[in-house]
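What the coordinates show
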Amino acid sequence: MTELLLQRTAGLSAYELVGAEGAPVVLAIGGISATRHVVSGTHDTTPGWWDDIVGDGRAIDTTSVRVLGVDFIDGGRARDGRPASIVTTHDQAAQIVAVLDELEIDQLDAVVGASYGGMVALALAERWPERVRRVIVVSAAHEPHPMSVGLRAVQRRVVQLGIDTGRVAEGMALGRAIAMTTYRTAAEFSERFDVEPTVGERSAEFEVERYLMQSGDKFASRMRAERFLALSLSVDLHHVVPEEVRVPTTIIAAEGDTLAPPSQLEAMCARLPHLDGYHLLPTLYGHDAFLTEPERLGQLLSRALAD
């Protein structure tokens, strides 16, 4: 079982550090919903957000490396229920550096970042290249795609409307329901959901609609509105100059990814000065492949980390 070495829950960004004592450290960071609890173990048996990728004998093997997980900062809450301040991916990277200083870790062996975590990994490598030996980025680019910005902007407007009308949970659920349509692909939805509705006297409900709203309700129960707004905006404010990322970098794109299209990641690769490799992950699941394709993604990560 994965053992806890160190944990902090106050002051700096909260973190967990688990794995083989004295081993090299790998930072694992994911989407805006990800937390410091990357992997379950004797220290905390609740599921980690990346249990299928991280752990004893898995792609990121805690018998040979230590794995660091952090909670993203969000800028706090203002009186109107909105974020108190803007937070950028470089702000997240600065907090990670502060955690490394506290833990007396001079250099990470690797940062493996997916989605928003991939953006933060690029920001860390751009501004603090001496603190990371290599980065592996999954489904993230140097800047957001304009279509993705538009989709997230609409989500934030829905959540803000919920705050203004005193229907925060409903706004969060609807915003997340919209987001779910961008995390997956039309091909997957075609396979999963029947288009025949359940028809009532004056309305109808569809199977896909129930799925989206259930996902939205679940998200609303665990994510504060101001935190969502801050991190969603942080995604859209992200900007890194690829030529300034001067550490070895591996890029993994996912087929059908609406939010980080493979074409955008390929264009970024052409500008990276130390590209170790580019891989296109075959998948039905689009952006969420970093969560739903542990076997295929794990093989790519294992090879990248072995180099």
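Quick look at the structure, then. Here the residue numbers are simple positions, counted from 1 along each chain's written sequence. Restriction of local features to residues with pLDDT of at least 70 applies here, the model being predicted, together with a cutoff of 80 or more for giving and counting side-chain atom pairs; totals for whole chains, interfaces and linings are based on all residues. No hydrogens and no water enter the side-chain calculation; it runs on all heavy atoms of the structure.

Right, let's talk about the packing of helix 3 (residues 146–164) against helix 7 (residues 225–237) for a bit. Each packed pair of helices is defined by two parameters, the angle between the axes and the distance between the axes. Fitted lines through C-alpha atoms give the axes, limited to the stretch in contact for helices. The angle between two N-to-C directions lies from 0 to 180 degrees. Starting at the N terminus, helices and strands are each numbered in turn, a helix being any DSSP run of H or I of at least four residues and a strand any DSSP run of E of at least two. For the pair helix 3 and helix 7, interaxial distance at closest approach is 10 Å and the crossing angle is 160 degrees. What the angle tells us is that helix 3 and helix 7 run roughly antiparallel. Between helix 3 and helix 7 lies a crossing of left-handed hand. Judged by residue contacts, S148, V149, R152, A153, Q155, R156, V159, Q160 and I163 of helix 3 engage A225, F228, L229, S232, L233, V235 and D236 from helix 7. Classifying every residue of the contact of helix 3 with helix 7 gives 9 nonpolar, 4 polar and 3 charged. The labels follow the angle: roughly parallel below 35 degrees, roughly antiparallel above 145, roughly perpendicular from 65 to 115, and oblique for the rest. Crossings are classed by handedness, with left-handed meaning an anticlockwise turn of the near helix from the far one by less than a right angle and right-handed meaning a clockwise turn. Only heavy atoms enter the contact rule, under which two residues are in contact if any of them lie within 4.5 Å. By the convention adopted, Pro, Cys, Tyr, Trp, Phe, Met, Ile, Leu, Val and Ala count as nonpolar, Lys, Arg, Asp and Glu as charged, and the other residues, Gly among them, as polar.

Right, let's talk about the environment of V137 for a bit. Along the polypeptide, V137 turns up in strand 8 (residues 135–138). On the accessibility criterion, V137 (0% relative accessible area) is buried. Taking the C-alpha atoms as reference points, V137 and T63, 74 residues apart in sequence, are found 23 Å from one another. Contact partners of V137, with chain neighbours within four places excluded, come to G113, G118, A121, L122, T250, I251 and I252. Buried residues are those whose accessible area, probed at 1.4 Å on protein chains only, stays under 20% of the maximum for their type, while exposed residues exceed 50% and partly exposed ones sit between those limits.

The working definition used for a salt bridge is a side-chain nitrogen of Lys or Arg within 4 Å of a carboxyl oxygen of Asp or Glu. Under the criterion given, the structure shown has 20 salt bridges. The salt bridge partner of E188 is R184, with a shortest N-O separation of 2.7 Å. The exposure classification of E188 matches that of R184, with both residues buried. As a salt-bridge pair, R184 and D288 come within 3.0 Å of each other at their nearest N and O atoms.

Take helix 4 (residues 168–183) next. To estimate how far a helix should reach, multiply one less than its number of residues by 1.5 Å. For helix 4, which comprises 16 residues, the first-to-last C-alpha distance of 22 Å matches the rise-based estimate of 22 Å (1.5 Å per residue) to within 8%. Taken together, the buried positions of helix 4 are G171, M172, A173, G175, R176, A177, A179, M180, T182 and Y183. Looking at the buried positions of helix 4, the neighbouring elements they touch are helix 3, helix 5 (186–192), helix 6 (207–220) and helix 7.

On to the side chain of D51, then. Turning to its location among the elements, D51 is positioned in the loop between strand 3 (25–29) and strand 4 (54–55). Under the counting rule used here, the positive set is Lys and Arg, the negative set is Asp and Glu, and His together with the chain ends is not counted. Buried D51, no salt bridge; nearest opposite-charge side chain is R58, N-O distance 5.2 Å. One polar contact links the side chain of D51 to the main-chain amide nitrogen of S40, over a distance of 2.8 Å. Here a polar contact means two N or O atoms within 3.5 Å. Within protein one must be a hydrogen donor candidate and the other an acceptor candidate, and residues neighboring in sequence count only if both atoms are side-chain atoms. For D51, the side chain forms a polar contact with the main-chain nitrogen of G48, separated by 2.8 Å. Excluding residues that lie within four positions of it along the chain, D51 makes contacts with V38, V39, S40 and R58.

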